[in-house]
Every structure is written in C-alpha cells, then in structure tokens.
Amino acid sequence: MIHPTSKKYNCIIVEDEPIAAEILETFISRDPELTLTGTCSDAVHASNLLSIHKVDLMFLDLHLPVVKGFEFLKQLKNPPFVIVTTAYHQYAVEGYELDIADYLLKPIPYERFVTAVGKFKYLMEAEDALLEMAERDHIFISSGKKQIKIILQDIFYIESLREYIHIHTKTETFTFKMPISKIEASLNPNIFTRIHKSYIISKPKIEVKSATIVQIKGKKLPIGRTYKPFIDL
C-alpha cells in the first residue's frame, strides 16, 4: 500500500533497443514512486513527449538514430534529470559535465538501477527544498555541515566551473559543489536568467548589454548562442 504522502515522479525512456527498453520498463514498474509517461526510440519523439508532459526523469540511451543522446541533451533548454543508459563507458566524463544524475552501463543490474534512481530522488528533494526557499528574499545552501545564507538581492551573477558554482555577490564570492542547473531552478526567473551554459545573471545588475555580451560588476559575460532566443533582458 502506497502512503498518501508518497512522491510521484514522471519518467520517460529514450531507447532504440526494444529489449533494453523493456527491461527498464520492468524496473520502473517495481518502484511505486515512478510513473512511466512514455517510451520512445529517438530524439524527435522524445522532444514531443517532453513538450506534452511534465517529465522529472529521463532514461537516455546515447546511441540513438540521427541525433545522438548527448547532442539531444545539449539542445534542451530545461532538461529533466537524466540517467544515461549505454554500453559504452568512455562517455561518462562528458555525461557528468552535463549534470546527469547517473551513468548506467548495459546490461543494467536491477540493484544498480535502484541506486541510480535513489540518486535522482535525492537530487529532486534537494531541488524541492531550494524551490521552497526561493519564495523568500534569501536562500540557504549547504556547505559541509554549515548552511550559508545568501541574500538574493546581493547576487550579481553565478558562474559554473565543472561541478562547482561561484556565486558572486556585492561583498564576496561563495563557492559550492552543485550543478548550475539546480540553483537555476530555485531562482525567480523574473530577476535571474541563464545567458550561457556557465552563467546566470541578475537582470537588475546589468551595466551594459549587447547581442553577444552583458557586463555586470565590470565583467563581460558571453551570451550563449542556444540561450539567445530565450533571453529577455
């Protein structure tokens, strides 16, 4: 019996091998918190599913027809959490640079699947906690055993460097081990906007802007090509 307060997460499978997709479907069906929204075999159908449904988690094969898995992921403006499924271990580093939740090698043991989904749920809960705090004028971010309070109005811009973010404020720079996509989800989009895969800015702090750069606190920050159509500065 499912407890009434159980979380529910929507997921999709993007996999062109029918047997591999069937195995994932079976694994997903064993977890009462996961709801399979759809299974597809290429990036085009995956895009359609993502546009129609609210998706929390995507199981993504890398060797898809036409558009490969990572290329598809790079094209997404606000991707869901991703667990990569592949027979090739050499893409793991690139995967973690794209903020994936986990990287599963085929054939996937059920125990390893459970571990990966556990990582996803932990990240979702952490994101939910950040989202609750975003309604206030500040956020708390964990740093070791401490909780650092950051006043949102003090933030000039946020910079990503691999698995770390640097939050530049009017008094100092804070560094945390966190993907930039996670803090982006916790910020008010009317005030903060992503202009590049490595930068989030506070719009009221813009000093100079053009089609390719914005200047904040004397620093010129590039506007990424894939972000231009979505930016309202």
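The structure reproduced in this document is the subject of the present report. Computed from a predicted structure; not experimentally measured. (Residues numbered from 1 in each chain as written. Predicted model: local features only at pLDDT ≥ 70, side-chain atom pairs only at ≥ 80, totals over all residues. Heavy atoms only, no water.)

1. Overview of helix α1 (residues 18-29)
Since the α-helix advances by 3.6 residues per turn, residues separated by three or four positions end up pointing in the same direction. Put simply, the rule is: The helix and strand labels rest on DSSP assignments: H or I over at least four residues marks a helix, E over at least two residues marks a strand, and numbering proceeds from the N terminus. A helix is expected to span 1.5 Å multiplied by its residue count minus one. Each residue gets one of three labels from its accessible area relative to the maximum for its type: buried under 20%, exposed over 50%, partly exposed in between, using a 1.4 Å probe on protein chains only. This arc is taken over the directions from the axis of the helix to the C-beta atoms.
End to end, α1 covers 16 Å across 12 residues, agreeing with the expected 16 Å (1.5 Å per residue, within 8%). Among all positions of α1, only Ala20, Ala21, Leu24, Phe27 and Ile28 are buried. Buried residues of α1 fall within an arc of 120° about the axis and therefore sit on the same side. Away from the buried face of α1 by more than 90 degrees, exposed residues Pro18, Ile19, Glu22 and Ser29 are located.

2. Re unusual backbone geometry
Put simply, lysine 106 and proline 107 share a cis peptide bond, and its omega is -10°. In this fold, proline 107 is placed in the loop between β5 (102-105) and α5 (110-133). Of note in this structure, valine 66 is not a glycine but carries a positive phi near 65°. Within the secondary structure, valine 66 is located in the loop between β3 (57-61) and α3 (69-75). Non-glycine residue lysine 217 carries a positive phi angle of around 55°. Within the fold, lysine 217 resides in the loop between β14 (213-216) and β15 (219-222).

3. A closer look at the sheet that holds strand β13 (residues 206-209)
For clarity, the threshold we go by: Paired strands, as defined in this entry, are two strands with at least two bridges between them according to DSSP. As a rule, the C-alpha atoms of each element are fitted with a line to give its axis, helices using only the stretch in contact, and angles between N-to-C directions run from 0 to 180 degrees.
Strands sit in the order β13-β14-β15 across an open sheet of three strands; the sheet is antiparallel. On the outer flanks of this sheet lie β13 and β15, each paired with one strand and no other. Averaged over all adjacent pairs, the angle separating strand axes in this sheet is 30°, with direction ignored. When β13 meets β14, the two strands line up antiparallel, connected through three bridges. Paired with isoleucine 206 across the bridge in β14 is isoleucine 216.

In short, geometric facts, not functional conclusions.
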